[in-house]
Amino acid sequence: MNYSRHRGTKTQRHKVFKNFFVPLCLCVLVPLCLLSIANPTILNAEEFPIKITAVNQYEKEKDVFVFERYVILEFKDIHLQADKVTFDRTKNELIAEGNVLLQNENQHISAETLTLNLSTEQATLYKVFVYDDPQLTILSTELKRESTDDYKGKEIKINECKQRIPHWSAAAKKAHLKVNKWVRMQHFTFKVKNVPVFYLPYFHMPLDRDRSTGFLFPSFGPNDRKGFYIGNAFFWAINRNNDLTFYLDRWWDRGWGEGIEYNYALQEGNGKFQGMVLNDNLIGRQWSLKGSVNQEIAKGFKLSGQWDWFSSLDYIQEYENSFSRLARRYKLLRAYMTKNWSHYSLNTIFESQDTFFSSNKTVVTRKTPKISFQRYNQKLWNTPLFLAFDSSFGNFTKTLGLDDVRYNRVDFFPELSLPLTGLQWLTFTPSIGTRTTYYTHVLNDKNQFIKQNYLKKYVDLTLDLRGPNISRIFDLSESSFTPKIKHSIEPRISYHYISPVKTDYHFISIDEVDTNYETNMFSYGLTNRLFIKKKIGPVETPWELLSWDVSQNYYLTTDPTKPLSKEKIMKLGPILSSVRFNPSSNLSADFRLQYDIDNKKISNISISNFIRATWLTLNLAWNYSSYGTGAASSSNNQLRTNIQFPLLQNRFNISNSIDYNISQKKLQSASLGVVYNDDCYSIGVEYQRFNIQIRQEAQWNFYLSFPRIGRVLDYHAGTLNEMY
C-alpha cells in the first residue's frame with residue numbers, strides 16, 4: 001500500500017528467504033549432479049575417466065570394488081575424499097563412508113555417508129555439513145536427491161554467522177526443493193541465538209527467478225494515531241514483462257485497506273498502475289489512483305501520461321508519509337500524445353487538475369483537449385531569416401466563483417528572427433512575432449462570464465545581444481588540483497516589447513497564452529564561469545567548477561507581473577543572483593538571492609547543497625521568502641535536511657531528516673533512524689514524527705536484513721544505509 005507502508009521495494013521484498021535455498025541447491029546439490037553419469041558405460045570410456053587412489057583397494061566380490069584409507073576420487077571437476085568407497089559396477093552404485101568431503105571451487109560439503117546411483121541419478125547424504133564461502137553453513141541429517149532437480153531434506157539448519165552460537169539461524173523439519181522453481185518447508189522456525197522468534201507450520205517459497213509469484217513478508221509497526229499496523233501482499237509474476245501485486249493492510253484503530261499494483265515493461269514502453277481503497281472509521285471510505293505510462297505507438301506517435309487522483313484531501317493528510325506530499329494541494333490526471341518529425345511537433349494533451357485552497361474551496365482546471373502544432377526555429381528557405389511558430393486549439397474548463405465555466409480558444413503565434421553572428425564572440429538576434437488569439441467567451445467589466453467572440457492581437461518584439469564574451473586560461477601546472485583553469489565572462493542585454501491590448505474585456509487565465517501582458521522592458525545580466533580540467537575515466541574533459549549569474553529587469557512601463565497596476569513609471573525589478581559551486585560529483589552547492597529594489601529588502605533566499613563522503617551524506621535546503629510591505633507583509637522561512645552518518649566502518653548508520661519552520665519556530669516533521677550492521681545481519685529502527693496542524697502523529701518503523709536473504713522488514717522509505 002502507498003499509505004504508511006513499512007516494506008521496501010518489491011524486488012527486494014519478494015527475494016526474502018529465497019536465497020536461503022538457492023545456496024542450498026548450489027552448495028549441496030549441484031556437486032551431486034556433477035558426480036552422476038547418465039550412461040553407466042561412460043565409466044569405461046577414456047573421455048570421462050574416474051580416477052580413484054587409496055592405500056588399500058581390492059575386489060570384494062565380482063564387480064564390487066572397495067577402496068580404503070585416504071580415498072581420493074576425481075571425476076571431471078569434482079574432488080571427493082573419504083575413508084572408504086565401495087563401488088558396485090553391476091548396480092552402478094557408489095557408497096562413500098567416513099569423513100566424506102566434497103570440494104568444488106568455494107564450496108565444501110562434508111557428510112558421514114554418501115550413496116549415489118549412477119543409473120537412476122539418485123543420491124543420499126547423511127549428517128551433512130555445508131560451508132559456502134564466505135560464511136554460509138547448512139546442516140542436515142539427511143539430504144536425498146530424487147532426480148536432477150528434485151531434492152528432499154530432513155532436519156535442516158542454516159545460518160551465516162561466524163560465532164560458535166550464531167546470532168540467528170533458520171530450521172525446518174522437512175524441506176522439498178524443486179531447483180529454480182520452489183521450496184516447501186514443514187515446521188519452519190527462525191531463531192535469534194537459541195530463542196525461537198518466528199514459526200510457520202508450512203512455508204512455500206518460489207525460486208524460479210528474481211520476480212517470483214508468492215506472498216511477501218509482512219510489515220508492521222505501532223502508530224499512536226491509527227493504532228498498530230500490520231500488512232501483507234501477494235506478488236504475481238504473470239510473465240517476465242508483467243506483474244501484479246495484491247495488498248491487504250490493517251490499522252487497529254482505523255480499519256482495513258486493500259490495493260493492487262500492476263507493472264509492465266516492454267521494448268516499446270512501460271507503465272505502472274496503483275489503486276488503493278481504505279475503509280477508515282473516522283473519515284469513511286477513501287480511495288486513490290496513481291500511475292504513469294510511456295508507450296510508443298504506431299507511425300511515430302508516443303503516448304505518455306501520469307495520474308495521481310484521490311477521494312479527498314483528508315485521505316492524503318492522514319496516510320502520506322512524505323512531508324512534501326502530505327502538504328500537497330492538488331490532484332492531477334494528464335495524458336500526452338506526441339509526434340516529432342523534422343523540425344515540427346504535434347501534441348495533444350488531456351489534463352484535469354483540482355487545486356485545494358481550503359476544505360470547501362476547490363479550483364478546477366480542465367484541458368479536454370488542447371492540441372498544439374509547432375515549428376522549431378529553422379531557416380526560411382535560402383534567406384538568412386529563421387521562422388518558428390506555435391499554434392493551438394483548446395477546449396477549457398475552469399472554476400469561476402461557484403461555477404465551472406467552459407470555453408474554446410484558438411491561438412497562432414509566428415515569429416521571425418535574424419541572428420547576426422559576424423563576430424564569433426558577439427551575437428545580436430532581433431526577432432518579431434504577432435500573436436492572434438480567438439476566444440469564444442470572455443469576462444466583462446463586472447467579471448461576469450459571457451458568450452462573446454473576441455480576437456486578441458498583439459506584437460511581440462525582442463532584441464537580444466550576447467557578448468562580447470571574454471575568457472582567459474590560467475596555467476596551474478604546479479597545482480595538484482587542476483593543470484589549467486579557464487575564466488569566462490558572458491554579458492547579455494535584451495529588450496522585450498509586447499504591444500498593449502486595448503479592450504474592456506478580461507480573459508480567464510489557463511496558461512502562458514493568457515498571461516502575456518503589455519511589456520516594455522530591458523533585461524540585462526552577467527555570467528561568470530570557471531572551468532577546470534577533470535579526468536572522467538581515461539579522458540580529461542572540461543568541468544564547470546563555479547558559475548555566478550546576476551540579472552535584473554528595467555521596466556519602461558507597468559511591471560508585467562502586476563497587470564492590475566495602473567502606474568506608468570520607470571521601475572527597476574529585483575536583482576537576481578545565483579551561484580553554483582560544483583567541484584565534484586560528490587559535492588555541489590546552489591545559492592539564490594532576490595533583492596527587492598523598491599522596498600530595499602531581500603525578498604527571497606534559497607540554499608541547497610549535496611555532500612557525499614565516506615562518513616557523511618548530507619542534503620540541505622533552506623528557503624526564505626518575504627511578501628508585501630508594512631502591516632500586510634508576511635514571510636516563509638523553511639529548513640529541510642537529510643543526513644546520514646556511516647560510523648565505525650559502516651558498523652552503525654544513523655539517518656536523520658528534519659522539516660523545520662523557522663518563522664514559527666516549529667518542528668513540522670522529523671525522523672531518526674539507526675541501523676546496526678553485524679557480520680550476518682543488519683537491524684534497525686526508525687522513529688518518525690509529524691507535528692503540523694492537520695496531523696499530530698508518531699510512528700515506529702523496523703528494519704531487518706540478511707546477506708543471502710535480503711530485506712525481511714523495511715522502513716517505509718528505505719532511507720538508511722544497511723550493509724546487507
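Residues numbered from 1 in each chain as written. Predicted model: local features only at pLDDT ≥ 70, side-chain atom pairs only at ≥ 80, totals over all residues. Heavy atoms only, no water.

1. Looking at the overall build of the protein chain
Thinking step 1. Across its full length, the protein chain carries four helices and 43 strands.
Thinking step 2. By the burial criterion, 42% of the 724 residues in the protein chain qualify as buried.
Thinking step 3. Here the analysis covers contacts within the protein chain between residues at least 6 apart in sequence; of these, 46% occur between residues at least 24 apart.
Thinking step 4. When the accessible surface of the protein chain is totalled, it reaches about 38,400 Å², and 56% of it is carbon and sulfur. (Helix = DSSP H or I, 4+ residues; strand = E, 2+ residues; numbered from the N terminus. Buried < 20%, exposed > 50% of the residue type's maximum accessible area, 1.4 Å probe, protein only. Contact = heavy atoms within 4.5 Å. Areas by Shrake-Rupley, 256 points an atom, 1.4 Å probe, with all protein chains shown as cover.)

2. Brief notes about the side chain of arginine 435
Thinking step 1. Note that arginine 435 resides in strand β27 (residues 426-443).
Thinking step 2. The exposure class assigned to arginine 435 is buried, which follows from its relative accessible area of 5%.
Thinking step 3. Within the structure, arginine 435 has its side chain in polar contact with the side chain of aspartate 411 (distance 3.0 Å).
Thinking step 4. Not counting residues within four places of it along the chain, the set of residues in contact with arginine 435 comprises Asp411, Phe412, Phe413, Lys456, Lys457, Tyr458, Val513 and Asn516. (Polar contact = N/O pair within 3.5 Å; in protein donor to acceptor, adjacent residues only side chain to side chain.)

3. A few points about the nonpolar core
Thinking step 1. Counting residues in hydrophobic clusters, the biggest one holds 43 residues, and the most contacted among them are Val85, Val128, Trp168 and Met185.
Thinking step 2. In terms of nonpolar packing, the next biggest core, distinct from the first, is built from 15 residues, Leu216, Tyr247, Tyr315 and Phe356 among them. (Core = buried A, V, L, I, M, F, W, Y, C linked by side-chain atoms within 4.5 Å.)

4. Remarks on the pairing of strand β28 (residues 449-466)
Thinking step 1. Strand direction decides the pairing type here: β27 and β28, joined by 16 bridges, are antiparallel. Paired with histidine 441 across the two strands is lysine 451, which belongs to β28.
Thinking step 2. The turn joining β27 and β28, which pair antiparallel and follow one another in sequence, is formed by five residues; a positive phi near 60° is taken by asparagine 447.
Thinking step 3. Sheet topology note: the β28/strand β30 (residues 484-498) ladder contains seven bridges and is antiparallel. Each residue of the ladder has a partner; that of leucine 463, found in β30, is tyrosine 495. (Pairing = 2+ DSSP bridges.)

5. Examining unusual backbone geometry
Thinking step 1. Residue proline 369 is bonded to the preceding threonine 368 through a cis peptide linkage, with omega at -5°.
Thinking step 2. Between glycine 467 and the following residue, proline 468, the backbone shows a cis peptide bond with an omega angle of 0°.
Thinking step 3. Examined against the element boundaries, proline 468 turns out to sit in the loop between β28 and β29 (470-475).
Thinking step 4. Unusually for a residue other than glycine, tyrosine 70 sits at a positive phi of about 55°.
Thinking step 5. Relative to the helices and strands, tyrosine 70 resides in strand β3 (residues 64-75).

6. Overview of the pairing of strand β34 (residues 575-584)
Thinking step 1. Relative to β34, strand β32 (residues 539-555) is paired through six bridges, and the arrangement is antiparallel. Counted as the bridge partner of serine 551 is leucine 576 from β34.
Thinking step 2. Where β34 meets strand β35 (residues 587-596), eight bridges bridge the pair, whose relative direction is antiparallel. Pairing of leucine 576 across the sheet is with glutamine 594, part of β35.
Thinking step 3. Two successive antiparallel strands, β34 and β35, enclose a turn made up of two residues.

7. Considering a nonpolar patch on the surface
Thinking step 1. Taken together, Trp615, Phe645, Leu647, Leu648, Phe652 and Val674 make up a surface patch of nonpolar side chains, about 550 Å² in accessible area.
Thinking step 2. You can see phenylalanine 652 is positioned in strand β39 (residues 652-661).
Thinking step 3. Owing to a relative accessible area of 32%, phenylalanine 652 belongs among the partly exposed residues under this scheme. (Patch = residues over 30% accessible without salt bridge, like charges linked within 9 Å, V, L, I, M, F, W, Y side chains within 5 Å. Salt bridge = Lys/Arg side-chain N within 4 Å of Asp/Glu carboxyl O.)

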